[in-house]
Amino acid sequence: MSAANLWEALSRAELDPDAPALGDLSRRGAVVRVTELAGRLRAQGVRPAEVVGLQGPNQPEWVLGLLALTAVGACPLLLPADSPPAETRRLLWTAGARRTLVTDPGEGHGAVLRAPDGGVDDGPFGAGITAAEADSGPAAHAPGTVILVSSGSTGTPKLVPRSPRSVLDEGVRYHHAGLARPDDRVLLPLPLSHAYALGWLAGALVAGAHVDPVPPRAVGAVHSRLRERATVLVTVPGLARVLARRRALTDDAPFPALRRVMAGAGYVDAELDALWTRALGVGVSRNYGSSETGSVLWGDPGLPSGAVGRPMPHVRVDLLDPDGTPLPGEGAAQGELAVVLEDGSVHRLHDLADRDEHGVHRILGRARLGVVRRGARWVSTMEVESVLRAAPGVADVSVTATGADDSDDQGLTVEYVPADAELAAPARVQAYARAELAAFKVPDSFQPRYRLRRSAVGKAQAAPVYRLARAARPGTTAEHVMAAALTELGLPPLLAQGGTAADLAGTAGLLADVLAPVLDTACALGLLVTDTATAGAPDAWAYPRDVVPVGRTLAARVRGEAAADRPTPPAAPAGPPAAEKALRASIEALLAEAAVDGALLEIGDGGAPPAADTEYGACVVLGGVHGPAAQLGPLAALLRPKGLLVIADAFVPDPLALTDDLSRTTAVRWLVDGHLHWWTTQELRAGLEAVGLRVEESRDAEQAPYAILVARKPS
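As a starting point, this report considers the structure included with it.

About the cut-offs
- Residues numbered from 1 in each chain as written.
- Predicted model: local features only at pLDDT ≥ 70, side-chain atom pairs only at ≥ 80, totals over all residues.
- Heavy atoms only, no water.
- Buried < 20%, exposed > 50% of the residue type's maximum accessible area, 1.4 Å probe, protein only.
- Helix = DSSP H or I, 4+ residues; strand = E, 2+ residues; numbered from the N terminus.
- Pairing = 2+ DSSP bridges.
- Phe/Tyr/Trp six-rings, centres within 6.5 Å; stacked < 30°, edge-to-face > 60°.
- Lys NZ or Arg CZ within 6 Å of the ring centre and 35° of its normal.
- Core = buried A, V, L, I, M, F, W, Y, C linked by side-chain atoms within 4.5 Å.
- Axes fitted to C-alpha atoms, helices over the stretch in contact; angles between N-to-C directions.
- Left-handed = near helix turned anticlockwise from the far one by under 90°.
- Contact = heavy atoms within 4.5 Å.
- Nonpolar A, V, L, I, M, F, W, Y, C, P; charged D, E, K, R; others polar.
- Expected span 1.5 Å × (residues − 1).
- Parallel < 35°, antiparallel > 145°, perpendicular 65-115°, else oblique.

## Topic: the pairing of strand β11 (residues 232–235)
Then, in step 1: Residues Val232 and Val234 line one face of β11 and the alternating positions Leu233 and Thr235 line the opposite face, and both faces are buried.
Then, in step 2: Two elements, strand β9 (residues 185–188) and β11, share 2 bridges in a ladder whose sense is parallel. Each bridged residue has a counterpart across the sheet, and for Leu187 the counterpart in β11 is Leu233.
Then, in step 3: Note that β11 and strand β12 (residues 260–263) share 4 bridges and pair parallel. Looking across to β12, one finds that Thr235 is bridged to Ala263.

## As for the packing of aromatic side chains
Then, in step 1: Applying the stated criterion across every chain yields a total of 2 aromatic pairs.
Then, in step 2: For the pair Tyr174 and Trp200, a centre-to-centre distance of 4.6 Å together with 45° between the ring planes defines the contact as tilted. Taken together, the residues span a long stretch of sequence, with Tyr174 in helix α6 (residues 164–176) and Trp200 in helix α7 (residues 195–207) at a distance of 26 residues.
Then, in step 3: Centroid distance Trp670 to Trp679: 5.6 Å. Interplanar angle 55°. Geometry classified as tilted. Judged on exposure class, the residue Trp670 and its partner Trp679 are both buried.
Then, in step 4: The positively charged end of Arg451 is found above the aromatic ring belonging to Trp679, 4.9 Å away from the centroid.

## Looking at the nonpolar core
Then, in step 1: Leu6, Leu41, Leu101, Tyr196, Trp200 and Trp276 are the most contacted members of the largest nonpolar core, which totals 101 residues.
Then, in step 2: Looking at this core element by element, the count peaks at 11 residues for α7.

## Describing the packing of helix α14 (residues 477–488) against helix α21 (residues 661–673)
Then, in step 1: Axis separation between α14 and α21 bottoms out at 9 Å; the angle between their running directions is 35°. With respect to the hand of their crossing, α14 and α21 are arranged in left-handed fashion. On α21, the residues that touch Ala478, Glu479, Val481 and Met482 of α14 are Arg664, Thr665, Val668, Leu671 and Val672.
Then, in step 2: Of the residues assigned to the contact of α14 with α21, the class counts are 6 nonpolar, 1 polar and 2 charged.

## Overview of unusual backbone geometry
Then, in step 1: Residue Pro254 is bonded to the preceding Ala253 through a cis peptide linkage, with omega at 0°.
Then, in step 2: If you trace the backbone, Pro254 turns up in the loop between α10 (247–252) and β12.
Then, in step 3: Positioned with a positive phi, Ala265 is a non-glycine residue whose angle comes to about 60°.
Then, in step 4: Here Ala265 is to be found in the loop between β12 and α11 (270–280).
Then, in step 5: The phi dihedral of Trp678 is positive, around 60°, even though this residue is not glycine.
Then, in step 6: Along the polypeptide, Trp678 turns up in the loop between α21 and α22 (681–690).
Then, in step 7: Exposure remark for Trp678: the relative accessible area of 3% places this residue in the buried category.

## Considerations on the sheet that holds strand β31 (residues 706–712)
Then, in step 1: The strand order across the open sheet formed by 5 strands is β27-β28-β29-β31-β30, and the pairing between neighbours is mixed. Every interior strand has two partners, whereas the edge strands, β27 (600–603) and β30 (694–700), have only one. Each neighbouring strand pair of the sheet contributes to a mean axis angle of 15°, computed without reference to strand direction.
Then, in step 2: Of the pairings in the sheet, the one linking β30 to β31 comprises 6 bridges and is antiparallel in character.

## Description of helix α3 (residues 60–71)
Then, in step 1: For α3, spanning 12 residues, the distance from its first C-alpha to its last is 16 Å, which sits close to the expected 16 Å at 1.5 Å a residue.
Then, in step 2: With 11 of 12 residues buried, α3 is to be regarded as a mostly interior element.
Then, in step 3: Taken as a whole, α3 has its buried residues at Pro60, Glu61, Trp62, Val63, Leu64, Gly65, Leu66, Leu67, Ala68, Leu69 and Thr70.
Then, in step 4: Positive phi shows up at Gly73, right after α3, with a value of about 85°.

## Looking at the environment of Val547
Then, in step 1: Along the chain, Val547 falls in the loop between β26 (528–529) and α18 (548–559).
Then, in step 2: Exposure remark for Val547: the relative accessible area of 7% places this residue in the buried category.
Then, in step 3: With 65 residues separating them along the chain, Val547 and Met482 place their C-alpha atoms 9.2 Å apart.
Then, in step 4: For Val547, the residues in contact, after removing those within four places along its chain, are His480, Val481 and Ala484.

## Things to note about the packing of α6 against α7
Then, in step 1: Between α6 and α7, the least distance of the axes is 7 Å, while the angle of their chain directions is 70°. For the element pair α6 / α7, the angle class is roughly perpendicular. Here the hand of the crossing between α6 and α7 comes out right-handed. Taking contact as the criterion, the partners of Val167, Leu168, Glu170, Gly171, Val172, Tyr174 and His175 in α6 are, on α7, Tyr196, Leu198, Gly199, Trp200, Ala202, Gly203, Val206 and Ala207.
Then, in step 2: In terms of residue class, the contact of α6 with α7 is built from 10 nonpolar, 4 polar and 1 charged.

This is the structure we're talking about:
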């Protein structure tokens, strides 16, 4: 196409200026907003080829910021919105960015340029940057280059530059494949900083379609947009599963305008496809690509598990033999994927795939990581994960290879989150694997975990290396307790050198699965980092003596020992006295609206479910789900068919980013009490679904920090 970049694609003269283009903005309105923002950026000294971070929530303002940076010739560094400050600083430093454009619908202009210290940058070149320094040295990238942060699924996240032409070429693929059409309304509830979202954004702009970005997991917003006649929903497999079980979506289905649901950046199995077809009448299409190449394969609904279809227009997809030689382009074959793009560049994608006689590709997994050689056969870890995800009581699962890469008989290890310790005991999950998988695909080891670390698009992340934060000084009671516990465990000298939870636990004789959430919480409190650029070896932590007994209790849990006493954990900040009364009123109104059929059971904080000798029409749980063991199965067993489970409890938004005193204190209290499961509503949702319940509603209560989840037992 004639456009040179995404900004020119949006502002083409031949497109209708009054047509919807971005969220609630018409094309004319979007062009005016971008032009104004680009003028402000030039006035603040943003120069062609300068790398500028771009960070903000999934809103139209983020897209306006991207287009404005492109219009002035800057190189946008797409920073994940959920990156903690230490990671953001490291990414900015690695990319050579001096400042960040922070987009926020609440800002008067929708975006503000910030210097590295967080202050507003009103200077001509940025905080502390002289004119000579701004002009020094050749540009690292051509003007308009978009710099992506890789997902981290292949190890440490890296920066991937994409030229303006490369991004536009990917958009043309989507348009010419018929995936993005001029009359489409493309709904994007996924992180806009991800390569997958960038490709679809480019496709919609090239096609002249309407783009509607909403926050990831904003199920209510997705529902309202589908009712407002969105035509294409772009999602990832994990979110697709949540959406297809959303009661409001399924009750309102079919959505006449919805013509395609596209799931990428993950493994799509036949079960998910069938679930969408059954619930909403539209199957799941597939998408596959990489940060470097953009999307290169796609397929319509109805493909087998793991299949991603045929090449997109204008690219050639080859399969390579072990020597790197392309295999014949026709017929069935298996090998490493390689792609030849529009500009003639060749990219080896380091994924193994097979191709059937119809030219449909199925991804087996990462070469040397996701595909395991066992005897004379290959095993895809993604296939094993897909099967085990359906095991009773399994809320999340990750399968990895063990042993030398060049071994012809590698092992398989399963790490999984149980929703119920008995229902998903290792022996039971192993028995399920033996019943559902060929013998050579059955893993060797099944390890329960409290939580699996995943990226924003659901990809499993490598175990982080924890280190002491430079010059960390405990200040709050929660930080004091954590510092006392780490000191009691003798970890500061080991953390000065750094290590994973498994390494540290092995050296100090601790329980790795209990230590991991403790270390994550210490990072969220600022005592530790997973970033070598900010690691250090501070002086001994100072904390009051009265927190030592509480720290010892937590240390005993990490050692696997019984605590000698039961000291009082740090007290949570006092809430309004009427909070509990208001919470109960909300629950009573909810139950009245649901018209409960049968007896009602209430379980208070710390209470245990009674024996399942009576079936209840509804069960209300006020606190108490964050137990030391995963025990959601007994709650499900109490309900009669179509029975309702209402859980009202305190949650934290993100265990890796505790941003306020309330969530910090709550997290440390849970650790001290051994409450390591279901810290977030998303985690609890997955657990409830794993024991056979269907979550119908999840919302924050007016009484912070409570949230209310409503689940129903299927008939």
